[in-house]
Amino acid sequence: VDLRLRIVYDISVLAAGHFTQFSKTGVARVTEQLIHALLENQQHEFYFSAHMSTDVYLKARKYIEDQAVLDPSRLLHGRSLAEEINRRFFSRYIAKRSEIYSRHDLPARVERRILTETGNLLRRLAGASSINYLRNKDVFHTNYYAFPHHSENLPGLRRFMTIYDLIQIIYPEYFKYDNSKDVRDALKSVRPNDVIFAISQCTKDDICNLTDIDPEQ
């Protein structure tokens, strides 16, 4: 019986940190150290992802090539073409055409119907393909960003999240830039079957006080 786990560890934070000094936070440095430790482990199969966008994936790949830390084939791509089209072009087009949603003439109704059906199709295609890289995997672990959309329903996949602190949410006045949305989105993506690693009792207390997440998770 093969007891080796197939583990996917997300390194999206390294993509930003590699190209922007401001983004090279403590989380990024911890991620770097964990990569080296994971690659020394021979008991399980380790893969890596950068699932936030194609841009993030390409930056993560450049990081891997520059640092020569691992085989680029271990970096799995989690964004579908349909999702990128929706994010880059379709959503922007809808924003520019927002006035049709307040009109009731026939051309506006036809355009609304076309946009609705197109959006539904893109979302179906994106949802079906954007998590293919997680199929037949046992563990997905993110240490900053939200879980990938639709991954909660993949058979056999357990999801883990490390949360270091909620300082950006609790004390936003101490930050020059507001990056709290990433933290809020991560917390919102947690489901009852997920496991959270809080690095301190204080962080756990903050999570429980600010969300409905079960303390036993």
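The residue numbers shown here count from 1 along each chain, following its written sequence. Two thresholds apply to this predicted model, a pLDDT of at least 70 for residue-level local features and 80 or more for giving and counting side-chain atom pairs, whereas whole-chain, interface and lining totals are computed over all residues. As a rule here, side-chain values cover all heavy atoms of the structure and leave hydrogens and water aside.

Some details on the overall build of the protein chain
Move 1: Starting at the N terminus, helices and strands are each numbered in turn, a helix being any DSSP run of H or I of at least four residues and a strand any DSSP run of E of at least two. Helix and strand content of the protein chain: eight helices and six strands.
Move 2: Counting helices and strands in the order they occur from the N terminus, the protein chain gives β-α-α-β-α-β-α-α-β-β-α-α-β-α.
Move 3: Relative to its 217 residues, the protein chain shows a buried fraction of 42%.
Move 4: In this description, contact between two residues means that some pair of their heavy atoms is separated by no more than 4.5 Å. Restricting to contacts in the protein chain with at least 6 residues of sequence separation, those with at least 24 account for 61%. Buried, partly exposed and exposed residues are distinguished by accessible area as a fraction of the type maximum, computed with a 1.4 Å probe on protein chains only: under 20%, between the cut-offs, and over 50%, respectively.

Focus: the packing of aromatic side chains
Move 1: Ring geometry is summarised as follows: Phe, Tyr and Trp rings, the Trp one being its six-membered ring, pair when their centres sit within 6.5 Å, and such pairs are stacked at plane angles under 30 degrees, edge-to-face over 60 and tilted between the two. The final tally for this structure, using the stated rule, is five aromatic pairs.
Move 2: Judged by centre distance (5.8 Å) and plane angle (50°), the ring pair of Tyr-171 and Tyr-174 falls under tilted.
Move 3: By relative accessible area, which is 40% here, Tyr-171 ends up partly exposed.
Move 4: Consider the ring centre and the ring normal. A charge sits over the ring if Lys NZ or Arg CZ is within 6 Å of that centre and within 35 degrees of that normal. The ring of Tyr-47 is capped by Lys-137, whose NZ or CZ atom sits 5.1 Å from the centre of that ring.

Digging into a nonpolar patch on the surface
Move 1: What makes a patch is a set of residues exposed beyond 30% relative accessible area and free of salt bridges, joined within 9 Å when like-charged and within 5 Å when nonpolar (Val, Leu, Ile, Met, Phe, Trp, Tyr). For the accessible areas, the method is Shrake-Rupley and the probe is 1.4 Å, while residue cover comes only from the protein chains on display. Any Lys or Arg side-chain nitrogen located within 4 Å of an Asp or Glu carboxyl oxygen qualifies as a salt bridge. A contiguous nonpolar patch, built from Ile-167, Ile-170, Tyr-171, Tyr-174, Phe-175 and Leu-210 and spanning about 590 Å² of accessible area, is present on the exposed surface.
Move 2: Counting through the fold element by element, Tyr-174 comes out in the loop between helix 6 (167-170) and helix 7 (180-188).
Move 3: For Tyr-174, a relative accessible area of 63% puts it in the exposed group.

Some thoughts on the sheet that holds strand 3 (residues 75-76)
Move 1: With respect to topology, six strands assemble into an open sheet ordered 3-2-1-4-5-6, the strand pairing being parallel. The strands lining the two open edges of the sheet, one partner per strand, are strand 3 and strand 6 (195-198).
Move 2: Here the rule is simple: two strands pair whenever DSSP picks up at least two bridges between them. Sheet topology places strand 2 (residues 45-49) next to strand 3; two bridges connect them, and they run parallel. Directly across from Ser-49, in strand 3, lies its bridge partner Leu-76.
Move 3: Simply put, an axis is a line fit to the C-alpha atoms, just over the touching stretch for a helix, and the angle between two N-to-C directions goes from 0 to 180 degrees. The sheet contacts of helix 2 (residues 26-40) involve strand 1 (6-10) and strand 2, and relative to strand 2 the element is tilted by about 150°.

Overview of the pattern of salt bridges
Move 1: Inspection of every chain in the model, using the stated rule, returns 12 salt bridges.
Move 2: Between Glu-45 and Arg-4 there is a salt bridge; the shortest N-O distance is 3.9 Å. Taken together, the residues Glu-45 in strand 2 and Arg-4 in the segment before strand 1 connect sequence positions 41 residues apart.
Move 3: In this structure, Asp-66 and Lys-62 form a salt bridge, with 2.9 Å as the shortest nitrogen-oxygen distance. One end of the pair is Asp-66 and the other is Lys-62, both in helix 3 (residues 54-67) and four residues apart, which spans about a single turn.

Side note on the nonpolar core
Move 1: Counting 25 residues, the largest nonpolar core has Leu-134, Phe-140, Ile-163, Leu-187 and Ile-207 as the members making the most contacts within it.
Move 2: Elements with a minimum of two residues in this core: strand 5 (158-163) and helix 7.
Move 3: In terms of residue count, helix 7 provides more of this core than any other element does, three residues in total.
Move 4: With near-sequence residues (within four places) excluded, Phe-140 lies in contact with Val-8, Asp-10, Ser-49, His-51, Tyr-133, Leu-134, Phe-147, Pro-148, Leu-157, Arg-158, Arg-159 and Phe-160.
Move 5: The set of buried Ala, Val, Leu, Ile, Met, Phe, Trp, Tyr and Cys residues whose side-chain atoms join them within 4.5 Å is what this entry labels a nonpolar core. Grouped together as the second largest cluster of nonpolar side chains are 22 residues, Tyr-9, Ala-15, Val-56 and Val-139 included.

Description of helix 3
Move 1: To estimate the expected span of a helix, count its residues, drop one, and scale the result by 1.5 Å. Between its first and last C-alpha atoms helix 3 spans 20 Å; for 14 residues at 1.5 Å apiece the expected length is 20 Å, and the two agree.
Move 2: Taken as a whole, helix 3 has its buried residues at Thr-54, Val-56, Tyr-57, Ala-60, Tyr-63 and Ile-64.
Move 3: Looking one or two residues past helix 3, Ala-68 carries a phi angle of roughly 50°, positive in sign.

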